[in-house]
Amino acid sequence: MTSLIDRAEEFATMAREFLEPHNLALGDIKTGRDAWQIAHRSGISRIAYDTSRDITDAHIVTVLRRIMPNAVFADKYHY
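My aim in this report is to walk through the structure given alongside it, one point at a time. (Residues numbered from 1 in each chain as written. Predicted model: local features only at pLDDT ≥ 70, side-chain atom pairs only at ≥ 80, totals over all residues. Heavy atoms only, no water.)

With respect to the pattern of salt bridges
- Taken as a whole and judged by the stated rule, the model has 2 salt bridges.
- Between R7 and E10 there is a salt bridge whose closest N-O contact spans 2.9 Å.
- For E10, a relative accessible area of 35% translates into the label partly exposed.
- Here R16 and E9 are joined by a salt bridge, their closest N and O atoms 3.4 Å apart.
- Given the relative accessible area of 51%, E9 is considered exposed. (Salt bridge = Lys/Arg side-chain N within 4 Å of Asp/Glu carboxyl O. Buried < 20%, exposed > 50% of the residue type's maximum accessible area, 1.4 Å probe, protein only.)

A look at the packing of helix 2 (residues 32-42) against helix 3 (residues 44-51)
- Interhelical geometry of helix 2 versus helix 3 gives an angle of 75° and a closest axis separation of 4 Å. In terms of axis orientation, helix 2 runs roughly perpendicular to helix 3. Contacts from W36, A39, H40 and S42 in helix 2 reach I44, S45 and Y49 in helix 3.
- For the contact of helix 2 with helix 3, the class distribution of residues is 4 nonpolar, 3 polar and no charged. (Axes fitted to C-alpha atoms, helices over the stretch in contact; angles between N-to-C directions. Helix = DSSP H or I, 4+ residues; strand = E, 2+ residues; numbered from the N terminus. Parallel < 35°, antiparallel > 145°, perpendicular 65-115°, else oblique. Contact = heavy atoms within 4.5 Å. Nonpolar A, V, L, I, M, F, W, Y, C, P; charged D, E, K, R; others polar.)

Side note on the environment of G43
- Positionally, G43 belongs in the loop between helix 2 and helix 3.
- Remark: the alpha-carbon pair of G43 and M14, spanning 29 residues in sequence, is separated by 7.6 Å.

Some remarks on helix 1 (residues 8-19)
- Over its 12 residues, helix 1 extends 16 Å from the first C-alpha to the last, a length consistent with the 16 Å expected when each residue adds 1.5 Å.
- Where helix 1 is concerned, the buried positions are A8, F11, A12, M14, A15 and L19. Mapping the buried residues of helix 1 onto a view down its axis gives an arc of 160°, with all of them on the same face. Among the exposed residues of helix 1, those pointing more than 90 degrees away from its buried face are E9 and E17.
- Turning to helix 1, the residues buried within the fold contact helix 2, helix 3 and helix 4 (57-67). (Expected span 1.5 Å × (residues − 1). Arc of directions from axis to C-beta.)

In structure tokens:
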């Protein structure tokens, strides 16, 4: 099974494609809440949760932090 980190570039592309019509870049995302909204609306979270029943929010946040490095998450967990 491919890990979510291994799919980070795929997820970054999905996020970029979602943000492009809004004239935003991944670096423009400043909050964890906005990062989660992008993950949900772009399909990242659906793919992540469908990957395995063992996937948790912490796994997804780890990838979101990687692809949206300026986003600050209130929760301090990581995987």
